[in-house]
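Examination of the molecular architecture
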Amino acid sequence: MVQAALEEQIVYSRPESFTAVQTHYCPGCTHGTAHRLVAEVIDEMEIREKTVGVASVGCSVFAYNYFNMDFVQAPHGRAPAMATGVKRVLPDRFVFTYQGDGDLASIGMGEIVAAAARGENITVIFINNANYGMTGGQMAPTTLPGQQTSSSPNGRDVEVMGFPIRTAELLSTLDGASYVVRRSLHDPKNIRMAKKAIRMAFETQKQGLGFSMVELLSVCPTNWGMTPYQANQWVQSAMVPYYPLNDFKVHPALANFRV
Amino acid sequence: MTKEMLKGNVAIAEAAVRAGLNAYFGYPITPQTELLEYLSARMPELGRAFVQAESELGAVNMVYGAACTGARVLSSSSSPGISLMMEGISYIYGTEIPVVLVDVMRGGPGLGNIAPAQADYNQIVHGGGHGDMHPIVLAPANVQEAIDITYNAFDLAEKYRTIVVILADGSLGQIMEPAELPEMKPLLMRQPDWATYGAEGRPKRFLSSINIDPAKHEIFNIRMEQRWQKIIANEIRFKEYYLDDAKYAVVAFGTSGRIALSAVRSARAKGIPVGLFRPVSLAPFPEQALYELSKRLEGLLVVEMNNGQMLEDVIKITRHQTPIDFYARTGGIVPMPEEIEAAILRMVEEPVNTTEHPRDRWLARLSQELIGGS
Amino acid sequence: MQTEIIIAGFGGQGVLFAGQVLAYAAMDQGMHVTWIPSYGPEMRGGTANCTVVISDEEIGSPIVSRPTVVVAMNKPSLDKYENMVKTGGVFIVNQSMVDREVERKDIHSVMVPANEIAEEIGDKRMTNMVMLGALLANLNILPVDAVEKALKDHLPVKHHKLLPANRQALEKGSSFIAAPVS
Ligand SMILES: Cc1ncc(C[n+]2csc(CCOP(=O)(O)OP(=O)(O)O)c2C)c(N)n1
Ligand code: SF4
């Protein structure tokens, strides 16, 4: 019997917007997942050569090594201001920032609020992993009540250390913000939904509607002291209840857009 | 008291606690973070104030506010964070408020890296923000010295109502050495006669750095400069090693100072009469002592972990009494004792031409070595 | 008299702790000592090393480029440090993690199957103590007793149940004596 040669079909490959290097992220870290989603969206929209990324200070500081497009790297917390600078002189380029929760919601809270209030036509990818990854797991503004970190060794006591910040909700109150949603990266279904949201955010920018941000619940197994599996479970059981996955602001002009 | 193995960052933190620290405000940054992490457990345990601020900008202004009440207050950071604090540091100085800050320097400029460096020398010793400023700057070279300096820093800051900066680097932050901690001082809530803690039974006070009338601000600046004269008269500190019979000396502070000590010893073992002059107070700088020393030497070698920031001060201070040579590594690279020893031998064997700037020779050599070409 | 020791291996092999125990023991004996780790944005595994300097006078540099002794816990450390050991110095290699012998003939070298010994003792975490035992036996500046005492005095009480295994590891390691320089 003669067997017909099987036809080769490529079903999965590295996005063009990605470089062929190994990342420095810990095993199981979802920074890599988030990177990939952004790269796929940029490929699908065919805007790689028209995009400028702004890396922040945190574990994703080397993002410029992994994305195959022009990149700048901002001081800690200042990415939205730097992105504003780029966008204002190059309004026809796509500009996005990629920031952690310490970077965006602590030291950089001023810049992100101001950029959203200005309706700056940029896209923000915001990684909420409930701690400071790069410096060794200190408390972040997003650290949950009672959560132990290396700078809240007895658990976050809200009486002394205050309450976590729900950034997406906060920014959605600003008139300049056009698309503000929260998604999670803890399982395949949620990852698919996260990708759709990232696409929507870039479409917002494409249509010139103003500020867009996708907050992504993300894991930090290393500093949480968990296996990647446990970490993803913890996102579902502890983070999602505190940080509901929702659309907080969607500009009416986006209502009929389907990814 | 017995000795304990203590890590530099932790030793500084505990020394501050024992000096009667009322409050700490800081923000994580490597290679200083253990200091903050240690106090995040230690301060609440003692019922004292600890806040992880939203940024260094927040931290320095929390320090400003707390210190206005007369409390003993500390913040710590590393180079990029210290840059962010500059505004607050200038305001604190302009308000004459005693404050202690720790800078655990790392490789710069920019985000740089987290390895040890000494490149904040200019930003702190000659700076500390805008305006005419003179913070007191102390540079320990080992853990015991770091403890002793921190323990006394609060008294010093209060005595002159000024800022004391402890200038350390990543290496001192991370090193562990046996050291002795001092006794725990009783925790006081001081009420100095300038502080704002509520005007109960006394006329109200205000604290501000504004001086709308230039004539008044000029008087303020002159008064602060007079105070600086007193600080120069009283607070200069330095360490001398093997200088009695020396014909040559290395000038280096902090970590490069202690590394130079090893180089000096091995050069001595080869018969070279070289010693080490290690300034501990960088501001006020031990100018007179260095000037006197330079008059009797045949050569000076300045060693730093930056591109020659203290070098300029040494050139100015020694007034060309003696030829000066320079050796440094920068950007987070720490010089090895052998490199410094080689620089000592070069100083002795190839006496330098005094009209050339020492940095030019160093730059030419290091460029050749690290980048190649001509 | 000054002795400089570098202990190097993967993060998680107890490299930094082994150095600290050594430093504690030296301190308890009234010697000057420094311990300094390599540090980097190495939240993510990778290599780790620390330098311990023991001296009878105030220590200058806590870092050295020509150490008297190196303990290499893995292959990258064998490769990196072989050429750095001072002539006549001691090079102790974890045989379980390398695939070659030491090539230099002007240093005392010794191969210790530390992983296997630790497993024999019943606790893989004891690899570093096996190596430390070998280091002490070849160094002759600190007795094994001093290190045992340091462990007891400085190990948190909750880990004291590990003391017998630590002692066994140190003793087994100390039977590996380097061949004289040929
Ligand atoms: C002015 C300044 N302060 C502090 C730091 C130190 N620092 C580097 S990364 C970081 C936190 C990053 O945490 P996050 O933004 O949550 O990102 P992650 O690492 O978790 O991805 C800090 C505080 C710095 N680089 N600059
Ligand atoms: S430290 Fe946390 S956030 Fe950073 S790469 Fe590792 S797992 Fe990811």
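Placed above this text is the structure.
Notes on the structure in this doc start here.

The rules behind the values
- Residues numbered from 1 in each chain as written.
- Chains lettered and ligands numbered in written order.
- Predicted model: local features only at pLDDT ≥ 70, side-chain atom pairs only at ≥ 80, totals over all residues.
- Heavy atoms only, no water.
- Pairing = 2+ DSSP bridges.
- Helix = DSSP H or I, 4+ residues; strand = E, 2+ residues; numbered from the N terminus.
- Axes fitted to C-alpha atoms, helices over the stretch in contact; angles between N-to-C directions.
- Contact = heavy atoms within 4.5 Å.
- Near = heavy atom within 4 Å.
- Nonpolar A, V, L, I, M, F, W, Y, C, P; charged D, E, K, R; others polar.
- Buried area = accessible area lost by both parts, 1.4 Å probe.
- Salt bridge = Lys/Arg side-chain N within 4 Å of Asp/Glu carboxyl O.
- Polar contact = N/O pair within 3.5 Å; in protein donor to acceptor, adjacent residues only side chain to side chain.

Take the sheet that holds strand S4 (residues 73–77) of chain B next. Strands belonging to one sheet form pairs held by backbone hydrogen bonds; the direction of such a pair is parallel or antiparallel. Residue and element names in this part refer to chain B. An order of S3-S2-S4-S5-S7-S6-S12 is seen for the 7 strands of this open sheet, with the pairing classed as mixed. Both edges of this open sheet fall to strand S3 (49–52) and strand S12 (281–283), since each of them pairs with a single strand only. Across the sheet, the axes of successive neighbouring strands diverge by a mean angle of 20 degrees, strand direction being ignored. Strand direction decides the pairing type here: strand S2 (residues 23–26) and S4, joined by 2 bridges, are parallel. Following the sheet pairing, Tyr24 is matched in S4 by Leu74. Running at roughly 140 degrees to S3, helix H2 (residues 33–45) makes contact with S2, S3, S4 and strand S5 (99–105) of the sheet. Helix H4 (residues 79–95) contacts S4, S5 and strand S7 (163–169) of the sheet and is inclined by roughly 160 degrees relative to S5.

The full set close to ligand 2 counts 12 residues, and A:Cys26, A:Cys29, A:Cys59, A:Asn129 and A:Cys220 are the nearest of them. Residues near ligand 2 are shared among chains A and C, making this a multi-chain site. For the shell around ligand 2, the element with the highest residue contribution is helix H9 (residues 221–224) of chain A, accounting for 3 residues. Taken together, the residues that form the shell around ligand 2 break down as 6 nonpolar, 5 polar and 1 charged.

Let's shift gears to the interface of chain B and chain C. At the junction of the two partners, chain B supplies 28 residues and chain C supplies 22 residues. For chain B, the biggest contributors to the area lost against chain C are B:Met5, B:Met176 and B:Arg265; these three give 28% of the whole. Our count for the contact surface shared by chain B and chain C stands at 1 salt bridge. Of the charged contacts, one joins C:Glu57 and B:Arg265 as a salt bridge, the two residues approaching to 3.6 Å between their closest N and O atoms.

So, about the side chain of A:Ser184. Residues and elements named next belong to chain A. Its location among the elements puts Ser184 in strand S5 (residues 177–184). Reaching out from Ser184, the side chain makes a polar contact with the side chain of His186 at a distance of 2.7 Å. Not counting residues up to four positions away in its chain, the partners in contact with Ser184 are Asn190, Ile191, Ala194, Leu217, Val235 and Leu245.

Let's shift gears to unusual backbone geometry. Residue and element names in this part refer to chain B. The residue after Gly108, namely Pro109, is reached through a cis peptide bond having omega 5 degrees. Relative to the assigned elements, Pro109 resides in the loop between S5 and helix H5 (121–125). A cis amide bond, omega 0 degrees, links Ala283 with the succeeding residue Pro284. Phi at His320 takes a positive value of approximately 55 degrees, unusual for a residue other than glycine. Along the chain, His320 falls in the loop between helix H11 (309–318) and strand S14 (324–328).

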